[in-house]
Amino acid sequence: MPIKVPNNLPAVEILTKENVFVMTDTRAMTQDIRPLQILILNLMPTKVETETQLTRLLGNSPLQVELELLQTSTHKAKNVSEEHMIAFYKTFDQVRNKYYDGMIITGAPVELMEFEEVEYWDELCEIMEWSKTHVHSTFHICWGAQAGLYYHYGIKKKRLPEKACGVFLHTLEYKTGMLFRGFDDEFYVPHSRYTGLDDEAVFSHPDLRVISISPEVGIFALKSIDDKQIFITGHSEYDADTLRNEYLRDLAIDPNTKIPYNYFPDDNPEAEPQVSWRSCANLLYSNWLNYFVYQSTPFDLNDIKTGATPKHELVTDNFDLITVKFGGSSLADANQFKKVSGIVKSDPRRRFVVASAPGKRNSDDIKITDLLLKSMNAGDDADKYLDLIEERYSGIAEELGVSFDAKAEVNLIRDRIKKESKESLLDYVPSRGEYIGSKLLAKYIGFDFIDAGEFIKFDAEGNYDKDVTERLLGDELHKHDYAVIPGFYGSLPDGRIKTFSRGGSDITGAIVAASTGSDLYENWTDVSGLLMADPRIVEKPVSVPLITYRELRELSYLGAEVLHADTVFQVASKGIPINIKNTNAPGDAGTLIVNNARYYSNAQDISGLSGARGYMNVTVQLAHLNEKSELREHVLDIFESKGIKIETMMTGVDSMSFLVKESFKADVEDALSEIKEKMPGASEETLSDLAMIGVVGRDMGTSPNIAIKILSALAALKINIKFLDHGAGNLHMILAVDDKDYENAVRAIYQQFA
Ligand code: ASP
């Protein structure tokens, strides 16, 4: 289906005859979906032929593709008319302010020159630099790939003993990747080049992943770890006779030119070449378009510049790498370990497992982390708690039939507690719950154990160091097929252990997902996702199927607890969805937390309802209060000076109204007396015993029905609304009701939406 190209491009006529559906500008305008914007920097001398070959491959897709052609302005095309170039090709100046979903940089017959000697090298460098911030995924072909690898990664090309020319066999190095999804174990691709890559430098580069090689002509396909750049050294796009034409061209210059390898039947240049690479070429380009462009490009192309590009945002089973994190309750005893093992083993994409320390087995139990904290603070009684910890781990190991020396592990802590000061052990001791538990889990499920202390880094001030960690951990984990990583801690530059705040294993899970470029982060806990309302008030509330990162932030701020608050930040810039799942009910869908909900179809009106008791509403009245900013600021300054946290506020012509926690009551009284003293004419009104209810929903601003439902639910019960704020950012509505009405109000609102 539709590939949209400029009207009258020669490719249209050729491909229409071949039955490849090409759509011209005029027809595409009637289609109401956003086409993918693809730019081709065509450096090949045979411009029309290359345009046609690439258009054919990009057209073999159900996606609508809008093609633009780019030429370098520092080099004039010699083999094609100037009219053609003027009619169809843009220069960099014409596109530099635009954004593209994808870009192809073709090969060029300049490979025997040094890169810097090429006439348009400086311009190409500028374009490649620009592509990092203006193109979602760039596909480099042959010399284009060599140039890209040299410019972006410093990889040099090297002269081959003789020209690699012909059709060669290829195999896959990285079988689970999406670029070669659906490929056979062996396949053919034409190559036509005098130079190759420094294979060793490529294989050892931490930011590159080799996907396919040819035993005869070396690396064929590789990509950057972040999926944004693809490098292909061969010419999948070639027509049946392209190699023959090149051969005849070379033969005219050098009578010793060798016949292309494995190309003509019986190596007879008079015979018609047989095509053995076409199906692979089609699959390669449609995989690139589908998985590396369409499914991960932002809907709004301008988002490319912010780097906030969502990754594989469609809910399909097309993920190829999943990071899973199990919370303390999921690892509380041997039986839970068995469930965890079952979940991990049931899907080979679950390759990286982050584990919390064993949590409570029942409500009277104590979490291992708390036992560790007690042991650190217990002085001479430390052994009492350490013994309990040892018993817990050895009990689990025994029941699982794993030989595991829990005693030796716990003795290491014992020794350090005896010998070292409490200050030096502050974060070390509580981190050991995750450390020992993860070692045991790794042994049980047969995964490698990776110590978070070596790869998760904090700076000297104790702030998490994202850049260093993502590089170190990403490099390490790419060496492992399957691994368990303890949650909750990392290390400072001097090697001392440092933990995140409590519940921090959620953050570790997100860090592992981000560092490995996971397609999904599954956070396994003991509830089937985020509940739509508080289960203490609403009987068996449903769980929210889908929520955006921003909505989750609002809900957490309003009191709903599901993930450690810093978790989302780690995955947000990469757009990795988080799925909250229940270890005890693994079949439940749970809650999917995503960057952009518009890629998903769902019928929910709201994403959650949270609330809390113990609020008061304070209103200050004074003529012109809202008009005169100095008056408004004065009031706010006085509140601020008393340390009062304002939950939300509203302003009227002559008044300002605040919702604050009742725990600030005394400070509020102080503030009000100061206001009355310093601002003559000011009066106040205070309403106490209020409960605050927050309703969060991304469609709040566009769907009036939501507000109507909320308000009519309360009106039907004659519940008086004491404060109403329709929320900045169109994401939430906050209202306050009398404390006595709180639970009824929550239930009534819930019933409108569940
Ligand atoms: N074990 C740590 C805690 O209890 C971290 C975690 O479980 O996420 O806070």
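Reference entry: report on the structure contained in this document. (Residues numbered from 1 in each chain as written. Predicted model: local features only at pLDDT ≥ 70, side-chain atom pairs only at ≥ 80, totals over all residues. Heavy atoms only, no water.)

1. Thoughts on the pattern of salt bridges
Here is the rule we go by: Salt bridges are counted wherever a side-chain nitrogen of Lys or Arg sits within 4 Å of a carboxyl oxygen of Asp or Glu. Segments assigned H or I by DSSP are reported as helices when at least four residues long, segments assigned E as strands when at least two residues long, and all are numbered from the N terminus. Throughout, exposure labels follow a simple rule: accessible area from a 1.4 Å probe, protein chains only, divided by the maximum for the residue type, with under 20% read as buried, over 50% as exposed, and the rest as partly exposed.
In the structure shown here, the tally under the stated rule is 42 salt bridges. Among the ionic pairs, Arg56 bridges to Asp239, the shortest N-O distance being 2.8 Å. With Arg56 in helix 3 (residues 47-58) and Asp239 in the loop between strand 12 (229-232) and helix 9 (242-253), the pair connects residues that are 183 residues apart, well separated along the chain. Between Arg613 and Glu743 there is a salt bridge whose closest N-O contact spans 3.4 Å. Of this pair, Arg613 sits in strand 23 (residues 608-621) while Glu743 sits in helix 25 (residues 742-753); the two residues are 130 residues apart in sequence, bridging distant segments of the chain. Looking at Arg613, the relative accessible area reads 41%, which means it is partly exposed. In this structure Glu743 comes out as partly exposed when scored by relative accessible area, which is 28%. One network of salt bridges, with partners in common, ties together Asp383, Asp387, Glu390, Lys407, Arg414 and Lys418.

2. Brief notes about the sheet that holds strand 16 (residues 483-486)
So the rule is basically this: At least two DSSP bridges between two strands are needed for those strands to be called paired. Any pair of residues with heavy atoms lying within 4.5 Å of one another is described as a contacting pair. All axes are obtained by fitting lines to C-alpha atoms, using only the stretch in contact for helices, and the reported angles, taken between N-to-C directions, cover 0 to 180 degrees.
Taken in spatial order, the 8 strands make up an open sheet running 15-16-14-13-19-21-22-20, and their pairing is mixed. Each having just a single partner strand, strand 15 (448-449) and strand 20 (546-548) make up the two edges of the open sheet. Pairing of strand 15 with strand 16, which is carried by 2 bridges, proceeds in the parallel orientation. Across the sheet, Asp448 pairs through a bridge with Ala483, a residue of strand 16. Sitting on the sheet, helix 20 (residues 549-557) touches strand 20 and strand 22 (591-594), and the angle it makes with strand 20 is about 85 degrees.

3. Brief notes about the environment of Gly102
Here Gly102 lies in strand 6 (residues 100-105). Considering only alpha carbons, one finds Gly102 and Ser214, 112 residues apart in sequence, at a separation of 26 Å. Once residues lying within four places of it in the same chain are set aside, the contact partners of Gly102 are Gln37, Ile38, Leu39, Val135, Ser137, Trp288 and Val293.

4. Remarks on the site of the ligand
Rule in force here: When at least one non-hydrogen atom of a residue lies within 4 Å of a molecule or strand, that residue is treated as near it. We call two N or O atoms a polar contact when they sit within 3.5 Å, provided that within protein one can donate a hydrogen and the other can accept it, with sequence-adjacent residues counted only if both atoms are side-chain atoms. Residue burial considers only the protein chains on display, and all accessible areas are found by Shrake-Rupley using a 1.4 Å probe. Residue type decides the class: Asp, Glu, Lys and Arg count as charged, Ala, Val, Leu, Ile, Met, Phe, Trp, Tyr, Cys and Pro as nonpolar, and the leftover types, Gly among them, as polar.
In the vicinity of the ligand, the contacting residues are Ser356, Lys367, Thr369, Glu434, Phe488, Arg502, Gly503, Gly504 and Ser505. Here an oxygen atom of the ligand sits 3.1 Å away from a polar atom, N or O, in the side chain of Lys367. A distance of 2.7 Å separates an oxygen atom of the ligand from a polar atom in the backbone of Gly503. Relative to its unbound accessible area of 260 Å², the ligand is 94% covered by the protein chains. For the shell around the ligand, the residue count by class is 1 nonpolar, 5 polar and 3 charged.

5. With respect to the packing of aromatic side chains
Heads up, the condition is: Within 6.5 Å between ring centres, the rings of Phe, Tyr and Trp (the latter by its six-membered ring) count as paired, and their orientation is classed by plane angle as stacked under 30 degrees, edge-to-face over 60, tilted in between.
Under the definition given, this model contains 27 aromatic pairs. Note on Phe92 and Trp130: the rings are 5.4 Å apart at their centroids and 85 degrees apart in plane angle, and the pair reads as edge-to-face. Placement of the pair is Phe92 in helix 5 (residues 92-95) and Trp130 in helix 6 (residues 121-134), with a sequence separation of 38 residues. Under the relative-accessibility criterion, Phe92 is labelled buried at 4%. Under the relative-accessibility criterion, Trp130 is labelled buried at 7%.

6. Some points on the environment of Ile721
Relative to the helices and strands, Ile721 resides in strand 27 (residues 721-725). Counting along the chain gives 10 residues from Ile721 to Leu711, while the straight-line C-alpha distance between them is 8.7 Å. Not counting the four nearest positions on each side in its chain, Ile721 is found in contact with Leu711, Leu714, Leu735 and Ala736.

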